[in-house]
Amino acid sequence: MTELELLPATGTETVVVPAVATRRRSRHRIISHFLRQPIALAAVGFLILLATVAVFAPVVAPYNPNHSDLLAIYQPPGNGHLLGTDEIGRDVFSRLIFGARTSLLAALEALGVSISIGLLLGLAAGYYGRRLDTTLSRITDALMSVPPLILALAMVAVLGPGLPKAMFAVGIVSIPRVFRVVRAAAIDVRHRTFVEASVALGCRNSRVLFRHILPNSLSPLLVVISVSMGTFVVAEAGLSYLGLGVQPPTASWGGMLAEASHRLDLQYLIYPPGIALALTVAAFTVVGDTLRRAIGARPGATRA
Amino acid sequence: MPSTVARVSPSPLTRAQSDALLSVEDLCVAFPMQRDWINVVEDVSFHVNRGETLGLVGESGSGKTVTSMAVMGLVPAVGGRITGGRVRFDGRDTTNLDERAWLGIRGRRIAMIFQQPTRSLDPAFTVGDQIAETVRAHLKLSRREAWDRAVSFLDRVRIPIAAKRAHDYPHTFSGGMCQRVMIAMALACEPELLVADEPTTALDVTVQSKVIELLQELRREMNLTIVYISHDLGVVAEICDRVAVMYGGQVVEVAPIHDIFERPRHPYTQGLLDSIPKPGGGKRLLAIPGQVPAPTQLPSGCRFHPRCTFVDSGVCPTTQPAMVDFGTSHRARCLRAEELDLPGIRR
Amino acid sequence: MLKSLGRRLLWIVPIILIVTFFVFALLDLAPGDAARTVAGTDADAATVAAIRHKLNLDEPLFPRYVEWISGAAHGDLGTSLVTNQSVAKMVFDAVPATVSLTVVALVFACVFAVIFGAGPVIWRWPWLDRISTAVCSLSIALPSFWIALLLTSWFAVNRQWLPALGYVPLTENPWEWLRHLILPAAALGLATAGELARQLRGSLDDVFEQDYALALRAKGLPHRRIVLKHGLKNAAVPVVTVLGVRIAQLLAGTVIIEQIFLIDGLGRLTVTAVLGRDIPVVLGVVLVATVIVLIANLIVDASYGYFNPRLRHS
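For clarity, every value in this text was computed on a predicted model and none was experimentally measured. (Residues numbered from 1 in each chain as written. Chains lettered and ligands numbered in written order. Predicted model: local features only at pLDDT ≥ 70, side-chain atom pairs only at ≥ 80, totals over all residues.)

### A few points about the overall build of chain B
Part 1 of the argument: From N to C terminus, chain B includes 11 helices and 14 strands.
Part 2 of the argument: A compact globule built from 347 residues should have a C-alpha radius of gyration of about 20 Å, and chain B, at 21 Å, falls within 12% of that.
Part 3 of the argument: Along the first, second and third principal axes, the C-alpha atoms of chain B reach 70 × 50 × 40 Å.
Part 4 of the argument: For chain B, buried positions account for 44% of its 347 residues.
Part 5 of the argument: Here the contacts in chain B between residues at least 6 apart in sequence split such that 66% fall between residues at least 24 apart. (Helix = DSSP H or I, 4+ residues; strand = E, 2+ residues; numbered from the N terminus. Rg over C-alpha atoms; globule rule 2.2 N^0.38 Å. Buried ≥ 20, exposed ≤ 12 C-beta atoms within 10 Å, placed from the backbone. Contact = placed C-beta atoms within 7 Å.)

### With respect to the overall build of chain C
Part 1 of the argument: Helices and strands together make up the secondary structure of chain C, namely 12 helices and 0 strands.
Part 2 of the argument: Starting at the N terminus and walking to the C terminus, you meet the elements of chain C as α-α-α-α-α-α-α-α-α-α-α-α.
Part 3 of the argument: Referenced to the eigenvectors of the C-alpha coordinate spread, the extents of chain C come out at roughly 80 × 55 × 40 Å.
Part 4 of the argument: Looking at chain C as a whole, 47% of its 314 residues are labelled buried.
Part 5 of the argument: By sequence separation, contacts in chain C at least 24 residues apart represent 71% of the contacts at least 6 residues apart.

### What to know about the environment of glycine 253 of chain C
All names here are of chain C.
Part 1 of the argument: You can see glycine 253 is positioned in helix H10 (residues 223-261).
Part 2 of the argument: C-beta crowding within 10 Å serves as the criterion here: with 30 such atoms nearby, glycine 253 is assigned to the buried category.
Part 3 of the argument: Each C-alpha atom of the pair glycine 253 and asparagine 173 lies 25 Å from the other, and the pair is 80 residues apart in sequence.
Part 4 of the argument: Setting aside anything within four residues of it in sequence, one finds glycine 253 in contact with Ser144 and Leu188.

### Observations regarding the packing of H10 of chain C against helix H12 (residues 279-307) of chain C
Residues and elements named next belong to chain C.
Part 1 of the argument: Taken N-terminus to C-terminus, the directions of H10 and H12 make an angle of 180°; their axes are 10 Å apart at the nearest point. Between H10 and H12, the crossing angle belongs to the class labelled roughly antiparallel. Here Lys233, Ala236, Val237, Val240, Leu243, Gly244, Ile247, Ala248 and Leu251 of H10 lie close against H12, whose contacting residues are Ala289, Ile292, Val293, Ala296, Asn297, Val300, Ser303, Tyr304 and Phe307.
Part 2 of the argument: Residue composition of the contact of H10 with H12, grouped by class: 14 nonpolar, 3 polar and 1 charged. (Axes fitted to C-alpha atoms, helices over the stretch in contact; angles between N-to-C directions. Parallel < 35°, antiparallel > 145°, perpendicular 65-115°, else oblique. Nonpolar A, V, L, I, M, F, W, Y, C, P; charged D, E, K, R; others polar.)

### Remarks on the sheet that holds strand S6 (residues 92-93) of chain B
Residues and elements named next belong to chain B.
Part 1 of the argument: Strand order in the open sheet made by the 4 strands is S3-S2-S5-S6, with antiparallel pairing throughout. In this open sheet, the two edge strands, each paired with only one partner strand, are strand S3 (36-48) and S6.
Part 2 of the argument: Strand direction decides the pairing type here: strand S2 (residues 22-33) and strand S5 (residues 81-89), joined by 7 bridges, are antiparallel. Across the sheet, valine 29 pairs through a bridge with isoleucine 82, a residue of S5.
Part 3 of the argument: Helix H2 (residues 64-72) contacts S2, S3 and S5 of the sheet and is inclined by roughly 115° relative to S2. (Pairing = 2+ DSSP bridges.)

### Side note on the pairing of strand S11 (residues 250-256) of chain B
Residue and element names in this part refer to chain B.
Part 1 of the argument: Burial of S11 is extensive: 6 of the 7 residues sit out of reach of the surface.
Part 2 of the argument: Direction of pairing for strand S10 (residues 242-247) relative to S11: antiparallel, over a ladder of 6 bridges. If you follow alanine 244 over to S11, its bridge partner there is valine 254.
Part 3 of the argument: Following S10, the chain reverses through 2 residues before pairing antiparallel with S11; glycine 248 in that reversal takes a positive phi of roughly 55°.
Part 4 of the argument: Sheet topology places S11 next to strand S14 (residues 331-332); 2 bridges connect them, and they run antiparallel.

### Quick word on the interface of chain C and chain B
Accessible area lost on assembly of the parts is the figure often given for the size of an interface.
Part 1 of the argument: Across the boundary between the two partners, chain C contributes 18 residues, which contact 21 residues of chain B.
Part 2 of the argument: Elements that contribute at least two residues to the side of chain C that touches chain B include exactly helix H9 (211-218) and H10 of chain C.
Part 3 of the argument: In terms of residue class, the side of chain C that touches chain B is made up of 8 nonpolar, 5 polar and 5 charged.

### A look at the interface of chain A and chain C
Part 1 of the argument: At the interface, 41 residues of chain A touch 45 residues of chain C.
Part 2 of the argument: Those elements that provide at least two residues to the side of chain A that touches chain C are helix H5 (130-143), helix H6 (148-159), helix H10 (205-242), helix H11 (253-260) and helix H12 (267-296) of chain A.
Part 3 of the argument: Broken down by element, the residue count for the side of chain A that touches chain C peaks at 11 residues, all from H6 of chain A.
Part 4 of the argument: In the side of chain A that touches chain C, the residues fall into 32 nonpolar, 7 polar and 2 charged.

### Observations concerning the sheet that holds strand S9 (residues 225-230) of chain B
Residue and element names in this part refer to chain B.
Part 1 of the argument: One open sheet accounts for 8 strands, arranged S7-S8-S9-S4-S10-S11-S14-S13; its pairing is mixed. Strands at the two margins of the open sheet, each flanked by one partner only, are strand S7 (110-113) and strand S13 (324-325).
Part 2 of the argument: Its contacts with the sheet place helix H7 (residues 175-187) against S7 and strand S8 (193-197), and it is angled at close to 170° to S7.

### A short note on the arrangement of the chains
Part 1 of the argument: Contacts between protein chains span 2 pairs of chains, and they are most numerous for chains A and C.
Part 2 of the argument: With no contact between them, chain A and chain B keep their nearest C-alpha atoms 22 Å apart.

### With respect to the pairing of S5 of chain B
Residues and elements named next belong to chain B.
Part 1 of the argument: In the sheet, S5 pairs with S6 via 2 bridges, with the strands oriented antiparallel. When the sheet's bridge partners are listed, arginine 88 is paired in S6 with aspartate 93.
Part 2 of the argument: Between S5 and S6, which pair antiparallel and follow one another directly, the connecting turn spans 2 residues, one of which, aspartate 90, has a positive phi of 50°.

### As for the domain arrangement of chain C
Residue and element names in this part refer to chain C.
Part 1 of the argument: Domain boundaries assigned for chain C yield domain 1 (2-73) and domain 2 (87-312).
Part 2 of the argument: Summarising the inter-unit geometry, the C-alpha centres of domain 1 and domain 2 are found 32 Å apart.
Part 3 of the argument: Facing the 15 residues of domain 1 at the interface are 11 residues of domain 2. (Domains from an automatic or database assignment.)

Spelled out as structure tokens, the structure:
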């Protein structure tokens, strides 16, 4: 889906890392890069809207998403139901809104897992180097040879059912991607003069790590975060579709698609969750692409 | 830039031009630069008779390659546009010919070889395949016949063990060998006109002379007409019958090879002659001071005047010179051409 | 060239070991009693004990793993907790369907890539360029299982042009085999198709900036032949690289697609095994899926020599 996925499994990566001194200037450049592209602005706007809707779901949704009106099942759009009703009479629009909440929360959980562990491992591998680096790199490369969803499902089989555990698995499976980017950034920064100076001055390793290396890995990390969020949202939908994610009656876009698959002749049930998914993924991808271009376009940036 | 343009009456050359195999008349070619279309080649005129070899000489940036693109009908392919004048091949106007009509001419009756032979061959296909492909496209031969023809031409350009080498890829050939392959590929359909864009510039000196020897031989055998592009008058002397010197997008002198060397009429030509390195070293190289102007920054009046040793500050910066005739076959674009007595090649 | 292929071949075994050990170890690392997790929270003590016995959970991790992997090396992947069949048989029976689906999806992706990646280069109409870019971006963003549902709804339910479900083996009836695979393969391959098309377009642009592109024009060859014969072969390497990277994702996609279309392949088997917490089958699937990905990547690497002759004897 993105450039980061296109790199061959060699454990190396080209990463652009800004110098510490230009951090504030670089933030302005990123923002101005976004302002110049209308599609990027639209994507950011959409994501903000999505997040707001998810947070204020109970306020925004016209109906209770779990309230089923058995007298009004399979109603097409109209008549007080903006997008119609599903197989047990629940309002599709409200379920769509609450589904946004499910998707974003699930994606955030997976993100948290992959970032926290991936960041730690990547920093360690990049900074301490040598055997630790080789070992970790080989392991993550190996894990990338397994189809991601299959590995995640394997973990689900072992850990047990439920959305939190499933998203934990998805997060773990995504660690290699984070690991690579952070490691490359750490390696690049490690060799810079100011770091060597700090070490020579007697700064402790952890201080160097947190004060210098970590901030410099943030920009490429942002790109990975943005793209991964899109992947996680789809992963949650897929898992919920299969019945391995969210448990009914909780609303989820994937679950709604699963229900829609029982009546494929009723197209109005298929479109809303799919379009919502597609727009969300597209928005995250666009933001990721724009971020990557914004970082790469900066002068004075160095390449690993 | 208002300036006076000296004009001379139409020359008797026009009659000869109509018998020529290739005739370029007042050609202007423009490229998009700085949000506008700027002429990189302006009022270029020359002709090449059948069996003749015309040298097109000038420093890089003089417009030689663009002119060759116009001859091949490839100006749109490189992003340019013909904005004036005309190109005639065998009497036929090819200036605005559509692609379908070009299919019978390009590669079949006019062929081209390029400056960087190793980069001008497709690395993904064997040498024999690339020659056979051209032959099949133009001569309607079967695969077997085309391949045999490819091998025979590889042999003719003196590639050793041609039958085996035809199965090899371009990256296994040296620069000189690649150029031979290109020559074979260009000549396999027995064209009438060969456009050679600096074919020996990127090669070692020893290899250079071998390639030129080969060209001379093939020219004799196949009665080729050649437009030989180069920046090196020394190389041109070996192979060309007539020479057209270009500067800043214009032709500044056209003459038979002997006249160019013994009795040039344009100071730029003299400068080029002076900068030919003499065997045995000796005096330092006399390069012409300054640089070829960019098409967007052309000097006023004569384009060469800022670098000219014979500049007349009264006339040259303000007047654009037109071509002046000297006899039936010698023309020069210089306001002072008649009064200057240039020494020619110094021995 | 051979050296790098050989090296890749050697890495297959360690990678399989790492991956399978990782999943194996999870059983032990996961909180709680592994046997109870597998049996389910509402299982009685007898079931839990039976599972503990079947999975050898009394033994420590390492010997248990060694026993499993040495069995696997001999083709024995244990028996299913649910059906008591040989896991190896279950898994290998599922492979043809998945491989068929993946291959047809790849073919679809390549055809799509040529149409939308090379098409704008062959026919240089400005509107075609813009449409192709839009189509590619769209196909990359759309989730595959949604496309599957849409396609089924349009072509199999509302119009009975293609079958909605099932798989017919190639050996039984080639035409039906293809007919049943069209919709799932299209859904599965669409995202890859968009990626390949984008990469192809970019690579072709690079190719046309090379010296030999102009030389080919000067030879008088028709533009379409230049793009399709010379352009594609020279542009292939980066495109095939993208393909190699996406193989793992394609196989992952089969999980949901096979479920939607009720194709009895590895994907469907994974879901069934996970739902039934059939650990031996899950392990077997992970092993075989990884092997397939590694072999596919090997083939991709080997193909570089064909597309770029300069790599053949380095």
